[in-house]
Amino acid sequence: MTQLPYAIDAETALNPAELAVLRAQYEKEGDMVGVQTKFNYAWGLVKSNTRHEQHLGVMLLSEIFRTSPERRRECLYYLALGNYKLGNYGDARKYNDLLLDKEPGNLQATNLRALVDDKVAKEGLMGVAIVSGVAVVAGIVGGVLLRNFGRKR
C-alpha cells in the first residue's frame, strides 16, 4: 500500500454491489446513456481490481474525453489513474500532466505523479537488470559455443 493519502483511489475498489448498481444504470439507459451515467460507471470500473474492468473504464472515459469537451477536466484524473493501474505509465503521465497544467495544486494528481514516477523508476531498474542478465547469459552461451567449436577443429 502507498503512504500517499490522496492517492487512495489507486488502491480502493468499489464493492461488487456498488459496481453492479452503476452497471445496471448504464445498461438501463442503453443507446441513450447520459454522459454522467457513463462517467459514473467508468469511474467504478477504473477503481476495480480487475484488469478487464479497468480497461473498459479507460475506454469509456476516453469516449467522454473525445466527445464532451466540457467534461474533459473531470476525465483527466481517472484516465491517468486507469492508465497507471493498467501499467500504461506514459499515458498516465500525459493525462496527469494535463490536469496539473490546469490545476497545479491538485493533491490527487500530485500524488499520482509520485506513484507513476516511482513505478517508472522501479520498472526501469528492473529492465536494466533483465537486459544485463540476458547479456551475461548470451556471453556465457557464446563462450561455450566458441570453445566447443574450437575443439571440433
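Scroll up to find the structure.
Criteria and cut-off values
Residues numbered from 1 in each chain as written. Predicted model: local features only at pLDDT ≥ 70, side-chain atom pairs only at ≥ 80, totals over all residues. Heavy atoms only, no water. Phe/Tyr/Trp six-rings, centres within 6.5 Å; stacked < 30°, edge-to-face > 60°. Helix = DSSP H or I, 4+ residues; strand = E, 2+ residues; numbered from the N terminus. Buried < 20%, exposed > 50% of the residue type's maximum accessible area, 1.4 Å probe, protein only. Lys NZ or Arg CZ within 6 Å of the ring centre and 35° of its normal. Core = buried A, V, L, I, M, F, W, Y, C linked by side-chain atoms within 4.5 Å. Expected span 1.5 Å × (residues − 1).

This part covers the packing of aromatic side chains. Within this structure, the stated rule accounts for five aromatic pairs. Where Phe39 meets Tyr78, the ring centres are 6.2 Å apart and the plane angle is 80°; that geometry is what we call edge-to-face. With Phe39 in helix 2 (residues 35-47) and Tyr78 in helix 4 (residues 72-86), the pair connects residues that are 39 residues apart, well separated along the chain. Of the two residues, Phe39 and Tyr78, both sit in the buried class. A centroid spacing of 5.0 Å and a plane angle of 85° characterise the contact between Tyr77 and Tyr78, whose relative ring orientation is edge-to-face. Tyr78 gets classed as buried once you look at its relative accessible area, which sits at 13%. A network of ring pairs unites the aromatic residues Phe39, Tyr77 and Tyr78 as a single cluster. Its end group placed over the ring of Phe65, Arg72 keeps NZ or CZ at 5.3 Å from the ring centre. The ring of Tyr95 has Lys94 sitting right over it, with the charged end atom 4.7 Å from the ring centre.

What follows covers the nonpolar core. What tends to happen in soluble globular proteins is that the nonpolar side chains get buried as a cluster. Leu61, Cys75, Leu79, Leu81, Tyr84 and Leu112 are the most contacted members of the largest nonpolar core, which totals 31 residues. Broken down by secondary-structure element, the contributors of at least two residues to this core are helix 1 (16-29), helix 2, helix 3 (51-67), helix 4, helix 5 (89-102) and helix 6 (107-152). A per-element tally of this core places helix 4 first, with nine residues.

Looking now at helix 4. Along its 15 residues, helix 4 runs 20 Å from first to last C-alpha, staying within 8% of the 21 Å computed at 1.5 Å per residue. The set of residues buried in helix 4 consists of Cys75, Leu76, Tyr77, Tyr78, Leu79, Ala80, Leu81, Gly82, Asn83, Tyr84, Lys85 and Leu86. After helix 4 finishes, the residue Gly87 shows a positive phi value of roughly 85°.

It is worth stressing that arrangement in space is one thing and function is another; only the former is reported here.
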